[in-house]
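Overview (structure and organization)
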Amino acid sequence: MSVFTPLARPELETFLAPYGLGRLLDFQGIAAGSENTNFFISLEQGEFVLTLVERGPVDEMPFFIKLLDVLHDADLPVPYALRTTEGVALRELAGKPALLQPRLAGKHIKDANAQHCVQVGELLAHLHLATQGDKVLERKTDRGLDWMLDEGAQLISHLDAEQQSLLQAALDEIQQHKAHILTLPRANIHADLFRDNAMFEGTHLTGLIDFYNACSGPMLYDVAIALNDWCSDDAGVIDGHRARALLGAYAALRPFSTGEAELWPTMLRVACVRFWLSRLIAAETFAGQDVLIHDPVEFQQRLEQRQQVTLQLPLAL
Ligand SMILES: Nc1ncnc2c1ncn2[C@@H]1O[C@H](COP(=O)(O)OP(=O)(O)OP(=O)(O)O)[C@@H](O)[C@H]1O
Ligand SMILES: N[C@@H](CCO)C(=O)O
């Protein structure tokens, strides 16, 4: 399980006391998740999630706190950092940046249908509308196009011949379109909107979590990341019905531009490369350890299936 930093009850009690939320009733490490340490925390006054941030620079924490405040203020179903009675949001526990957040209702779903995808498309559009243009909070991603080019070049020798040619073609495409991609309309993007980062009650989306990849960037990239996870079948093929549901719901709130439509097939492939590489790196880094590792092959297959893209972005007439 992915509890990188175990905690003992006395240190937790000391940490939680300044929130003034009552006694600690129970706590439990969360096995799901692969990047940070999370605990469910039961206090007398409610249910919470404690996150210890395990990767990423500490000095970026104010960005995440601010972004979640903005999205919470826009009435989006996101967690946000609770403040101690003295108004402190960012704390430290066991040497790691630590945040206490409300526990959101709902469960992750494995088998997404078109109704789930409509909700995802709408939420993503609301997130972008709340932060686009001059509202964007700047943060450069640490897994952007240059990261893909650098890591891809280093990892390629670890792959077999077929994988190498697939990855090399995708890296060449990134190099070719890099400048153009960076001119697309920008906002704050979640950049990791997978099924395991959303929660539902029935077909109602009750929570979007795990903003630790959030950054400023092209909105289309966020759409491509979400679509690759929510609208793929087990072989990595795009499910047209779910995909049209997600894109239509999104476009009804934030219409796509013709520039975005041109780069759409490329963007779907870029979004595959991002997660193929991060999963390959995680598989090497955590090999043999008790850490959740997502299968890199899933994104190799999705990238193979995105070589020809027939799904077009809906454009306003
Ligand atoms: N605010 C919250 N409300 C309810 N459940 C939460 C909340 N935050 C986290 N969780 C639970 O903890 C699990 C792990 O959280 P999260 O996805 O943030 O971890 P992570 O290690 O950053 O994951 P990932 O592998 O997606 O990067 C989630 O799948 C969810 O079940
Ligand atoms: N959502 C990512 C893990 C967290 O970044 C993946 O499935 O590879």
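For the structure given in this document, a descriptive report is provided here.

What counts, and where the lines are drawn
- Residues numbered from 1 in each chain as written.
- Chains lettered and ligands numbered in written order.
- Predicted model: local features only at pLDDT ≥ 70, side-chain atom pairs only at ≥ 80, totals over all residues.
- Heavy atoms only, no water.
- Near = heavy atom within 4 Å.
- Polar contact = N/O pair within 3.5 Å; in protein donor to acceptor, adjacent residues only side chain to side chain.
- Areas by Shrake-Rupley, 256 points an atom, 1.4 Å probe, with all protein chains shown as cover.
- Nonpolar A, V, L, I, M, F, W, Y, C, P; charged D, E, K, R; others polar.
- Pairing = 2+ DSSP bridges.
- Helix = DSSP H or I, 4+ residues; strand = E, 2+ residues; numbered from the N terminus.
- Axes fitted to C-alpha atoms, helices over the stretch in contact; angles between N-to-C directions.
- Contact = heavy atoms within 4.5 Å.
- Disulfide = S-S within 2.5 Å.
- Buried < 20%, exposed > 50% of the residue type's maximum accessible area, 1.4 Å probe, protein only.
- Expected span 1.5 Å × (residues − 1).
- Bend = angle between axes of the 7 residues up to and from the residue.

1. Focus: the site of ligand 2
Neighbouring ligand 2 are the residues E35, D192, F194, N213, F275, R279 and H294. Taking D192, its side chain carries an N or O atom lying 2.6 Å from a nitrogen atom of ligand 2. At 2.7 Å from an oxygen atom of ligand 2 is found a side-chain nitrogen or oxygen belonging to R279. Coverage of ligand 2 by the protein amounts to 93% of the 260 Å² it exposes when considered alone. Along the lines of polarity and charge, the residues of the shell around ligand 2 split into two nonpolar, two polar and three charged.

2. Things to note about the sheet that holds strand β5 (residues 96-102)
Here we have five strands laid out as an open sheet, ordered β1-β2-β3-β5-β4, and antiparallel in their pairing. Each of the sheet's edge strands pairs with one partner strand only, and the pair in question is β1 (24-29) and β4 (91-93). Direction aside, neighbouring strands of the sheet carry axes that sit 35° apart on average. Here strand β2 (residues 37-43) pairs with strand β3 (residues 46-52) via seven bridges, running antiparallel. By the bridge assignment for β3, T37 is matched with L52. In this fold helix α1 (residues 9-16) packs onto β1, β2, β3, β4 and β5, with an angle of close to 115° to the strand it touches most, β1.

3. Observations regarding the state of the cysteines
Counted under the stated rule, the structure contains zero disulfides. C231 forms no disulfide, and the closest cysteine sulfur to it belongs to C117, at a distance of 3.9 Å. Not engaged in a disulfide, the cysteine C272 finds its nearest cysteine sulfur in C231; these two sulfurs lie 12 Å apart. With relative accessibility at 0%, the residue C272 sits in the buried group.

4. Points about the pairing of β3
Residues in a regular strand project their side chains so that they alternate between the two faces of the sheet. Burial analysis of β3 places five of its seven residues in the buried class, the great majority of the element. If you look at the hairpin formed by β2 and β3, you'll find two residues sitting between the two strands.

5. So, helix α5 (residues 161-181)
Taking 1.5 Å per residue as the helical rise, α5 with its 21 residues ought to reach 30 Å, and the 28 Å between its terminal C-alpha atoms agrees with that figure. Considering bend angle alone, the principal kink of α5 is centred on Q175 and spans about 40°. Residues of α5 that are buried include every one of Q163, L166, L167, A170, L171, E173, I174, H177 and I181, and no others. Contact partners of the buried residues in α5: α4 (145-155), β9 (215-218), α8 (258-285) and α9 (296-305).

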